[in-house]
Structure formats: structure tokens, C-alpha cells
Amino acid sequence: MDVEDGQSEREKGVGAEPAGDPPTPSPPAFGGHPGDTGGPLQPPAADASAGVFIRREGLEFCFEGCVLGRAGGNSPNICRAVCALTGASLQVLRSEKQTLLKRAFALSRAATPQESRLCAAGDALASCCRHYRSRPTHGIGRFKYLLPREAPKRRRDRLQMKEINVGTEYEYGDINIQMTSYDMCLVEQFAQYVHKLCNRLSVRVNESYAMPTKTNEVLFLEERGSKMQLDAVLTTHQRVVQISGLSSTFAPILLEVIQSNQPEGVHLLVKEHTEADFKSRLKSRPELEELLAQMN
Amino acid sequence: MFLFFFSLWLPQTVQFRGSHWQTSLLAFKASLPMRAQPKKKKKVDIKREQAQKDRMKKKIRKLEKAAPEMIPIEDFMTAPKYSDSNRVRSLPPLSFEETERRVLLMKKWSLYKQKQDEAEKKAIQTLVAAQQEALKELRLESEELYQAAIRRDERLFPFERDGPNYTPPLPGYDPPEGKCIDITKVYTQ
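In this text, all values refer to a predicted model and were calculated from it rather than measured experimentally.

Trainee: I keep staring at the overall build of chain A and nothing clicks. Help me out?
Mentor: Helices and strands together make up the secondary structure of chain A, namely ten helices and six strands. Contacts spanning at least 24 positions in sequence make up 71% of the contacts within chain A whose residues lie at least 6 apart.

If you want it as C-alpha cells, here you go:
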């Protein structure tokens, strides 16, 4: 494929004059006339001298037989000729064997639209970059500019945001619903239930995370003897669902619903979110603390 | 007498002279060392202390630059022995009646749960509607009370509740003595 990066300027020049140019009846000449792209819908017709070669970028999508363009050899020529048909952003680079072109052109013409569409489908999967820069439909699929700008995520964990309660309809700030139990599956399912419930009642859920597991060894004293015997190793699991913006009138209702669905053995604790809660999730740094203590 | 004094005097002088170094040293100690040591104390120690402080500050800054990491949660880490591909449960094939029974049971159960869920949603709606109506009436009654009712309850949180139990606690149960040791793994950064 003829990829020429040096041609970028010419391409730009070409793209800058999309429809301003009246469709010139003469076929595009060779050797780079920036302005003469020919009308958008002008096929090179029988003039095989129209050796129109499209830049690789403009080609990638080509919905008629681009798949041919993938293979080497003759196919690029076919591809290019076909693209000329569609009126893509053409650019004259150079011409090659004209006879070959004629044949290729005839072949491409002969190809049924169904086949070409099939080929197109295959290629669309393989590569997808539509660049009709000269057409009014350029950038038709863009949508990212409509989405709200996301702040770049820093590597460091950002501290929580506490909402200030203002107004007549008082709202609570960040609230943690902490569920603790020895049974992991139960506590996880309950956390899922609470999360879904909050979604359904349009209560904003900030985060839903798990606290580190605590392991306890339970020893008991034997009846006859002073030796402590290992009874069991229990793991305590905790899940937290953090909500915010709970209105004061709705809070008791939510609590009521959660309580009525509380399973056995799951301990519920609803409290306001504090920095200490956040810090308890982080690893301890004894060296740093030592140095800070020494400093002070 | 003069001799005596002289003798007295001489040995002293001799002593002095014998240890003239000493006298001179003493003199030196009186003069130069007395001047030099406090200088050393002031300069060197202060410098050393400052250098130490700077080093500590640098270390602190370096450590603080590293982002704080979250403690890994053991719940989410499966032990490799459980993800061994050799562990395959071989279940016996079920009879037709059994599968039918299970399918029908599942349908009944899902219907029951659906009814339960709908009832819950309805209950929530009625609760909210009743609350709103009550607040409206209260507003018509007195604005002050309405404002006070709207305000959030500070004593609501923290709210704690233990889940229900399968069985109530046994009366008069004497548990054996024992203790609980916390063997949670401590992660440090």
C-alpha cells in the first residue's frame, strides 16, 4: 500500500476544500494537484488515466471491497479504484499500469453489491476508522464530547467528600451501613440486597466495599484441667455500603425496611462516615509514624 | 626562716615547674580550651542536629510520597487449592420426576418471592404517602412543628441492631471459660 506520510499536507489541503470546489468534469490529474479532487460523486469513468490512489487512512474503512486491499498485489489497485467510485477523500498520488487499472475497474464494477457488502462487513470488523473528512457527515459518531468531563484519576486515594447539610429539607451526609457476620455468603448477599434497595429507592450509593477480614481463635478451658483447648477459628466479615443524600423524612423508612430484612447472625450498624473509618482500610505505616513521633 | 620559706617556696616552684606543663596546661585550659569547647558544642552539635532533622524530613517526605495502600481483603483471594482443575464434583444423573419437581418448586418459589417483593414495595409506597400526608396536615396545623419535624434527627445515628437468632438463648446456661485471640494478619506498608 502506498502510505506516504509526507503527503499529509496535501491531504489537509484536500480536506480543507470539501464542497467548495465545483465538480470538475475533467478527471483528476496525476502527480498531486491538491485542489483537483474532482466532485465528490464523480467516478473516474472510463478515463483509466484517473489513477486515483487513496491514502491509507482514507481507505481503511472502505465499504466496497476493501478486504481486497488487505492482500497485496493487484488488490490495492482494485481497492483504490473502487474507493474512487464511492467518492471518498481522493488524493492523486501517482498512477500505475493503466491497463491493469481498467481491468480492475471493470472487475470492481462487475462485482455485485451484495458481495461487496459482505466484504465490507468483514473488513468493518477487522478495521474501523471512518474518516470522511471532506463530507458533512464527518465526526458523525462522536459522543465523548457530550459526556461530562471526568477529572483525571490520581494514583493516590482521594479522601472522602463530606456533604454539608443545608436547607429546610435536611439531608444526611455520608452514611455507612456496616454489616458484620461470621457467615460470609450471608453478609455479602445482604449487602447486595441493601445496595439494590438503595438503587431502587433512588438513594445515592457512593461506595460498596468490604472491610478486611478479622480472624479470631476461640480457646476454652477444659472442665478437668488447666489447659486451654482450641475450639474454633472464626472469621468475621464486614461489608459496607456508603450512601449519601438521605433525606431526613425518608431515613426512618429505609432503616425500617433494612431491619425487617436483616438475616440471622448479621449485625447491622449504621453510622456517619468519618476519616477514621477511611483510615482503617489503609495499611499501617509504622516507619512513617516512628519518624513523625521522633520529629515531635 | 628565709630558708624555710624558700624551701617551702622552692618545692612549690619545683612542683610547679616539674609540672610546668600542667601549670601551662591549666593556664591553657583556663584560657583556650575554655573558649574552644563551647564553640564546638554550639557549632557542631547544632549542625549535627540540623543535619539529622533534614535527613528525617527527607525520609518522611519520601515515605509520604508513596500513596497509602488498601489492606488486601482475604475474602476475595481464593486459595490455589480450590481452583485446581482436578476438583470436579461428579453428580448422579437426576430422574425425570426429580427435575420436574425441582423446576416446579423453583417456579413456585419465584412467584412467592415476587409477591413478597411487590408487597414490600407497596408497603414502602404507603409509608411514604402516609408520611407526606401527615406532614401536610402538620403544616396546616402549625408551621413551627412542621419545621421541627422536617429537621434531621441527630440521635438517629449511630444505629446498631443485632440480627434475629434462630433459637433464643438458653436460660441458665453456664459457658466454659475461655478466651478469644485476635490472629488477624497485620499488613504494613
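Trainee: Is there a simple way to explain unusual backbone geometry in this structure?
Mentor: As a rule of thumb, non-glycine residues mostly have phi less than zero, and peptide bonds are mostly trans rather than cis. Phi is positive for A:Ser202, which is not a glycine, with a value near 55°. One can find A:Ser202 in the loop between α7 (184–200) and β3 (204–221).

Trainee: Looking at this model, I keep getting lost on the confidence of the model for chain A. Mind explaining?
Mentor: Atom-level detail of predicted coordinates should not be read off regions where pLDDT is low. Residue and element names in this part refer to chain A. On average, residues of chain A score 68 in pLDDT, and 50% of them are at 70 or above. When mean pLDDT is taken per element in chain A, α7 scores highest with 95 and helix α1 (residues 8–16) scores lowest with 41. Within the model, the stretch residues 118–122 combines pLDDT values under 50 with three contacts to residues more than four positions away or in other chains.

Trainee: Explain the packing of aromatic side chains here, please?
Mentor: To describe a pair of aromatic rings, one takes the distance between the centres and the angle between the planes. Residues and elements named next belong to chain B. Scanning all chains against the criterion turns up two aromatic pairs over all chains. Seen in terms of ring centroids, Trp 109 and Tyr 112 are 5.5 Å apart; in terms of plane orientation they differ by 35°. Their pairing is tilted. Taken together, the residues span about one helical turn, with Trp 109 and Tyr 112 both in helix α3 (residues 96–141) at a distance of three residues. Taking relative accessible area as the criterion, Trp 109 reaches 48% and is therefore assigned partly exposed. Given the relative accessible area of 45%, Tyr 112 is considered partly exposed.

Trainee: Explain the interface of chain A and chain B here, please?
Mentor: By a frequent convention, interface size equals the accessible area lost on bringing the separate parts together. On the side of chain B, 54 residues touch chain A, which itself brings 66 residues to the contact. Interface area for chain A against chain B, summed over the two sides, is near 5700 Å², with a carbon-plus-sulfur share of 62%. Applying the counting rule to chain A against chain B returns five salt bridges. Linking A:Arg200 and B:Glu120 is a salt bridge whose minimum nitrogen-to-oxygen distance equals 4.0 Å.

Trainee: Mind showing me how you'd approach the sheet that holds β3(A) here?
Mentor: The strands making up a sheet associate through backbone hydrogen bonding, with each pair oriented either parallel or antiparallel. As summarised here, the arrangement of the six strands in space is β1(B)-β6(A)-β2(A)-β4(A)-β3(A)-β2(B), forming an open sheet in which the pairing is antiparallel. What marks the edges here is a single partner per strand, and that holds for β1 (159–161) and β2 (178–182) of chain B. Mean inter-strand twist for the sheet, computed between neighbouring axes without regard to direction, equals 20°. By the bridge criterion, 15 bridges tie β3(A) to strand β4 (residues 228–244) of chain A in an arrangement that is antiparallel. By the bridge assignment for β4(A), A:Glu217 is matched with A:Val233.

Trainee: I'm lost on the nonpolar core in this one. Help?
Mentor: One recurring pattern in soluble globular proteins: nonpolar side chains tend to sit buried together. Residues and elements named next belong to chain A. In terms of nonpolar packing, the biggest core is built from 30 residues, with Ile 177, Met 179, Ile 243 and Leu 246 touching the most fellow members. Elements with a contribution of two residues or more to this core: β2 (175–181), α7, β4, α8 (251–260) and β6 (267–272). In this structure Leu 246 touches Tyr 170, Glu 171, Tyr 172, Ile 175, Val 203, Ala 251 and Leu 254, once residues within four positions along its chain are discounted.

Trainee: Could you clarify how one ought to interpret α3(B) in this entry?
Mentor: Because the α-helix completes a turn every 3.6 residues, residues three or four places apart line up on one side. In a regular helix each residue adds 1.5 Å, so 46 residues correspond to 68 Å; α3(B) covers 67 Å between its end C-alpha atoms and thus fits that length. Taken together, the buried positions of α3(B) are occupied by B:Glu120, B:Ile124 and B:Leu135. Of the surrounding secondary structure, the elements contacted by the buried residues of α3(B) are α7 and α8 of chain A together with α4 (143–150) of chain B.

Trainee: Looking at this model, I keep getting lost on a positive patch on the surface. Mind explaining?
Mentor: Judged by side-chain charge, B:Lys53, B:Lys57, B:Lys58, B:Arg61, B:Lys62 and B:Lys65 come together as a positively charged surface patch. Counting through the fold element by element, B:Lys65 comes out in helix α2 (residues 20–65).

Trainee: I keep staring at a nonpolar patch on the surface and nothing clicks. Help me out?
Mentor: Residues and elements named next belong to chain A. Together, Phe 143, Tyr 145, Leu 146 and Leu 147 make up a nonpolar patch on the protein surface, roughly 480 Å² of accessible area in all. Residue position: Leu 146 is located in the loop between α6 (113–126) and β1 (171–172). Residue Leu 146 is classed as exposed on the basis of its relative accessible area of 62%.

Trainee: I keep staring at the side chain of A:Ser181 and nothing clicks. Help me out?
Mentor: Residues and elements named next belong to chain A. Within the secondary structure, Ser 181 sits in strand β2. Looking at Ser 181, the relative accessible area reads 6%, which means it is buried. Within the structure, the side chain of Ser 181 is placed 3.0 Å from the backbone nitrogen of Asp 183, a separation counted as a polar contact.

Trainee: I would appreciate a short explanation of the pairing of β6(A) in the present structure.
Mentor: Residues in a regular strand point their side chains to alternate faces of the sheet. Pairing of β2(A) with β6(A) involves six bridges; the strand directions are antiparallel. Following the sheet pairing, A:Gln178 is matched in β6(A) by A:Leu269.

Trainee: I'm lost on the pattern of salt bridges in this one. Help?
Mentor: Between side chains of opposite charge, a pair can form as their charged atoms come close. Residue and element names in this part refer to chain B. Tallied over the full model, the rule gives 14 salt bridges over all chains. Between Arg 102 and Glu 98 there is a salt bridge, with its nearest N and O atoms 3.2 Å apart. Residue Arg 102 and its partner Glu 98 are both found in helix α3; the two are separated by four residues, about one turn of the helix. In this structure, Asp 117 and Lys 121 form a salt bridge, with 3.6 Å as the shortest nitrogen-oxygen distance.

Trainee: Is there a simple way to explain the environment of A:His273 in this structure?
Mentor: All names here are of chain A. Mapped onto the elements, His 273 comes out in the loop between β6 and α9 (275–279). Taking the relative accessible area as the measure of exposure, His 273 reaches 6% and is therefore buried. Sequence separation between His 273 and Asp 174 is 99 residues, and the spatial gap between their C-alpha atoms is 5.4 Å. A polar side-chain atom of His 273 sits 2.9 Å from a polar atom in the side chain of Asn 176. Side-chain polar atoms of His 273 contact the side chain of Gln 242, separated by 3.3 Å.

Trainee: How should the side chain of A:Arg285 be read in this particular structure?
Mentor: Examined against the element boundaries, A:Arg285 turns out to sit in the loop between α9 and α10 (286–295). Of the side chains with opposite charge, B:Glu64 comes closest to the buried, unpaired A:Arg285, at an N-O distance of 6.8 Å. Here B:Leu63 takes part through its backbone oxygen, which lies 3.0 Å from a polar atom of the side chain of A:Arg285. Setting aside residues up to four positions removed in sequence, A:Arg285 forms contacts with B:Leu63, B:Glu64, B:Ala66, B:Ala67, B:Pro68 and B:Gln189.

Rules of the game
Each residue is numbered by its place in its chain's sequence as written, counting from 1. The naming scheme follows written order: chains are lettered A onward, ligands numbered 1 onward. Selection of residues for local features in this predicted model requires a pLDDT of at least 70, selection of side-chain atom pairs for listing and counting requires 80 or more, and totals for whole chains, interfaces and linings are taken over all residues. Derived side-chain values reflect all non-hydrogen atoms in the structure, with water molecules and hydrogen atoms excluded from consideration. Comment: elements are numbered from the N terminus, with helices defined as DSSP H or I runs of at least four residues and strands as E runs of at least two. Whether two residues are in contact is decided by their heavy atoms: any pair within 4.5 Å suffices. pLDDT is defined as a per-residue confidence score from the predictor, taking values between 0 and 100. Two aromatic rings, drawn from Phe, Tyr or Trp (for Trp, its six-membered ring), form a pair once their centres lie within 6.5 Å of each other, and the interplanar angle then sorts them: stacked below 30 degrees, edge-to-face above 60, tilted otherwise. Accessible area is worked out with a 1.4 Å probe on protein chains only. A residue is then buried under 20% of its type maximum, exposed over 50%, and partly exposed in between. The term buried area denotes the loss of accessible surface (1.4 Å probe radius) that occurs when two parts are joined, taken as the sum for both partners. Basic side-chain nitrogens of Lys or Arg form a salt bridge, by our definition, when they fall within 4 Å of a carboxyl oxygen of Asp or Glu. Two strands qualify as a pair provided that DSSP identifies no fewer than 2 bridges between them. To get an axis, fit a line to the C-alpha atoms, keeping to the stretch in contact for a helix; angles then go from 0 to 180 degrees between the N-to-C directions. What makes a nonpolar core is a set of buried Ala, Val, Leu, Ile, Met, Phe, Trp, Tyr and Cys residues whose side-chain atoms join them at distances within 4.5 Å. Given the number of residues in a helix, its expected span is that number minus one, multiplied by 1.5 Å. Without a salt bridge and with relative accessible area above 30%, a residue can belong to a patch; like charges are then joined within 9 Å and nonpolar side chains (Val, Leu, Ile, Met, Phe, Trp, Tyr) within 5 Å. Reported accessibility uses the Shrake-Rupley method at a 1.4 Å probe radius. Residues are deemed covered only where the shown protein chains occlude them. The charged-residue count follows a simple rule in which Lys and Arg add positive charge and Asp and Glu add negative charge, with His and chain termini not counted at all. Throughout, a charge is located at the NZ atom of Lys, the CZ atom of Arg, the CG atom of Asp or the CD atom of Glu. Polar contacts here mean pairs of N or O atoms no more than 3.5 Å apart (in protein, one a potential hydrogen donor and the other a potential acceptor; neighbouring residues in sequence count only if both atoms are side-chain atoms).

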